[in-house]
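# Descriptive analysis of the structure
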Amino acid sequence: MLEKVDSTMTTLTDVSIASSASTDNNNSKPVSNSDASPSVPTITKVPISMGPKHKLITETDVQVCRLNHTRTIVSKIMNSKYLRRWESHKIVLDHSEMRSTTPTGFMELAVSYSTIEDVQVVSRWDAGQKFCLRITVPDGSVLLQFKKKKGYQANSSYIRDQWLHSIHWKRHIFRSERLLKNARRPEVLVKEIQNMIDVSLMTPIQDSSVHRFPLDLVSDILQQNDEFLSKAYQEAIIVSLTPLLEKNHPTQEICDFFSKHCKDSPRSTIIIDLFTPVVHRILKHNTDFGKYPRMRSFVQEYIQALNSQNDGLKVVQALVKSMHGPTSSCPHPRVLPNLVAVCLAAIYNCYEERKALSQGNIQREDFDDVEWENKLLCYVFMMETMSEFDDWRYILGSLLQPIPFPDDAIADSLFTSRMKVTIHNVSSDKTCDVHQTLLGIREGKDGWFHLYCPGSIACDDDGQLWGVMLSTLMKCCCKRKKFLMSISKMIGPIMLLALRDNFAAMEVLCAMLELEVVDGHDLKMQMITTLQSTTEGKTMYAQLCEKQIQMKEMQQKGGPKKLTLPSKSTDEDLTRMLNSGSFGNLECLSLAFTQVTSACAEDLIKLPALRYLNLWSTQFGDQGLQTIAEHLHKLQVLNLCETPVTDKGLSSLASLKCLRKLNLNSTSLSALTFEGLKEKLPALQECDVRYTDAW
């Protein structure tokens, strides 16, 4: 056997050894050995910072040989009896030691990381492509041998290096934990933290624990040693931690540590230079501040540190704008909810502080009114900045729709007056989904529209903001009659604004009279008197009366019962046709394949007897559909095939209780809206939904 081993090993030449060492160990240089011969394996050290990435190994099957003598490994390898005595073991890399699951033979005793003096690579074992690690311990060496497995593409040298770096990493965390937990001098503590983090950044081990371990360990250390660390040492630790936080959230303890630094040194350059990317990552990737309240507190303290800079509000505004992103549509969907969550929590904290002051839980000399006001306005200003972005406005409006602020804030004129800019931006948005967030989230629940109504607690501008809301909501393309009915209890403020020449308020009064939203003769007369008190109102009421007279005359005079307009007819053609004679008895109207749009709905509602309406392949849309749904309650057959109507308009058809036949072929109807229509239209017998999502 000795001859066989010697024969195998002597086939290696100096060149082949050096070449394999270079290839297998990522171009690392072999350790020189003046006594080495061509038949002696070369031992090399692999720099931790070089080479490909490796997954962390915790256990696997390897071949083990133990040399329990103090002589050099070279002389032992040349002795054949050690080469023959390899044992199979499942080796486990525990927290503090390397052990076998079957503690017998060479691995009867575990190898503690504290006893390992060195870990080296034996670049090539023999011509059979065996690869080996040498672990040096006080009484000798432990050899780990790796073979290339059948069916695996990974080279044995890669597996060997994976073990090498895993052992190095386990030794590193064992040593770091022991040293840091026993450190009593701040300079030693900071130095060891820096060393630990440097190794974590350099190791080729690719595992979540590589970055989480230093963060968790530092968190434990900070809880024990935070008090005796001076500002300089604290800043040194922050600088060391920052690279780890590029792809990881700070722990709750580290958040407390950062928050304390923001409070104690708000003008420190570290705030902007190092904390900014950490805060950016939190705002982009955090999914639940409820689980991590101290992370939210850190963001709040960071924002207050920015606010304390020269021209602080502009610095805070720059932060919000930097989070929006350069494109027209913000690429980070979590940013806005996280920013709003921070603002809401901070505003709650502000009013909790003031409540504690009033209850005597805080001494008056410990409460700074100016500082409190600046803090409150900072977060209100952040929401104002958010409302400037069109693509953020809907989410912002939805988050604020329940009015998620404490009662003390709603009763505070400082808060409600400064919130007006944000609400005005939402009110002025032309998108229906956005400005409808001004209303309550459910019936009977007040929204911003009710909060800023003249006479309400937040109105301090004689109803100017409320008038903007009213104007926008009246132009909304859906549920106009439903909206008028919902605000019928606010008739007093509406008449007050109409007396002040507010056009939207006068429009509301006319619409309420036309659609008979309010009951009671005296109230109607008061509404009419209000309209006639202004020039604009008098004109609008006169137009309403003329319109109603025309409708009555049309119905009295009679006319044809069926009418079909030629293809390519326009809205203007339909208007001229209906103005040319009497159509009060018109029951059947076909506008199929014409060029009419939603604008013709104003003419269609003048046909009170209409029962059949064909709008096939026209440009009649949601707004027109909503209008006829409010007026043509006798309609029984409606053809909307190939029209641009959507769920937004189709949902309004629920008010046409006499509808028997409905054609929605090739429209943007959804299955959900279709199911709702079937429930709300008891007379519906036929409905064509082919080529829709409900088909």
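Let me begin by describing the structure that accompanies this report. (Residues numbered from 1 in each chain as written. Predicted model: local features only at pLDDT ≥ 70, side-chain atom pairs only at ≥ 80, totals over all residues. Heavy atoms only, no water.)

Moving on, we get to the state of the cysteines. A disulfide bridge is the covalent bond that connects two cysteines by way of their sulfur atoms. All chains considered together, the criterion is met by zero disulfides. No disulfide involves Cys 343; its nearest neighbouring cysteine sulfur is the one of Cys 378, lying 7.7 Å away. Note on Cys 343: relative accessible area 0%, which makes it buried. (Disulfide = S-S within 2.5 Å. Buried < 20%, exposed > 50% of the residue type's maximum accessible area, 1.4 Å probe, protein only.)

Bringing the pattern of salt bridges into the picture now. Overall, the coordinates contain 24 salt bridges when judged by the stated rule. Linking Arg 175 and Glu 192 is a salt bridge whose minimum nitrogen-to-oxygen distance equals 3.5 Å. Of this pair, Arg 175 sits in helix H5 (residues 156-182) while Glu 192 sits in helix H6 (residues 186-202), placing them 17 residues apart in sequence. Linked by salt bridges that have partners in common, Asp 390, Arg 393 and Asp 429 make up one network. (Salt bridge = Lys/Arg side-chain N within 4 Å of Asp/Glu carboxyl O. Helix = DSSP H or I, 4+ residues; strand = E, 2+ residues; numbered from the N terminus.)

The geometry of helix H12 (residues 312-324) relative to helix H14 (residues 369-386) is characterised by a closest axis approach of 10 Å and an angle of 40° between their N-to-C directions. With respect to each other, H12 and H14 are oriented oblique. Viewed along their axes, H12 and H14 form a crossing whose handedness is right-handed. On the side of H12, the interface is formed by Leu 313, Val 316, Gln 317, Val 320 and Lys 321, while H14 contributes Cys 378, Phe 381, Met 382, Thr 385 and Met 386. Taken together, the residues that form the contact of H12 with H14 break down as seven nonpolar, two polar and one charged. (Axes fitted to C-alpha atoms, helices over the stretch in contact; angles between N-to-C directions. Parallel < 35°, antiparallel > 145°, perpendicular 65-115°, else oblique. Left-handed = near helix turned anticlockwise from the far one by under 90°. Contact = heavy atoms within 4.5 Å. Nonpolar A, V, L, I, M, F, W, Y, C, P; charged D, E, K, R; others polar.)

Attention shifts here to the sheet that holds strand S10 (residues 588-590). The strands making up a sheet associate through backbone hydrogen bonding, with each pair oriented either parallel or antiparallel. Spatially, the six strands line up as an open sheet ordered S9-S10-S11-S12-S13-S14, and their pairing is parallel. Looking at the sheet topology across the chains shown, the edges are occupied by strand S9 (562-564) and strand S14 (686-688). Averaged over all pairs of adjacent strands, the angle between their axes in this sheet comes to 5°, without regard to strand direction. Here strand S13 (residues 661-663) runs beside S14; their pairing, made up of three bridges, is parallel. Bridge pairing in S14 places Leu 662 opposite Cys 687. (Pairing = 2+ DSSP bridges.)

Any functional reading would require information that these geometric values do not contain.
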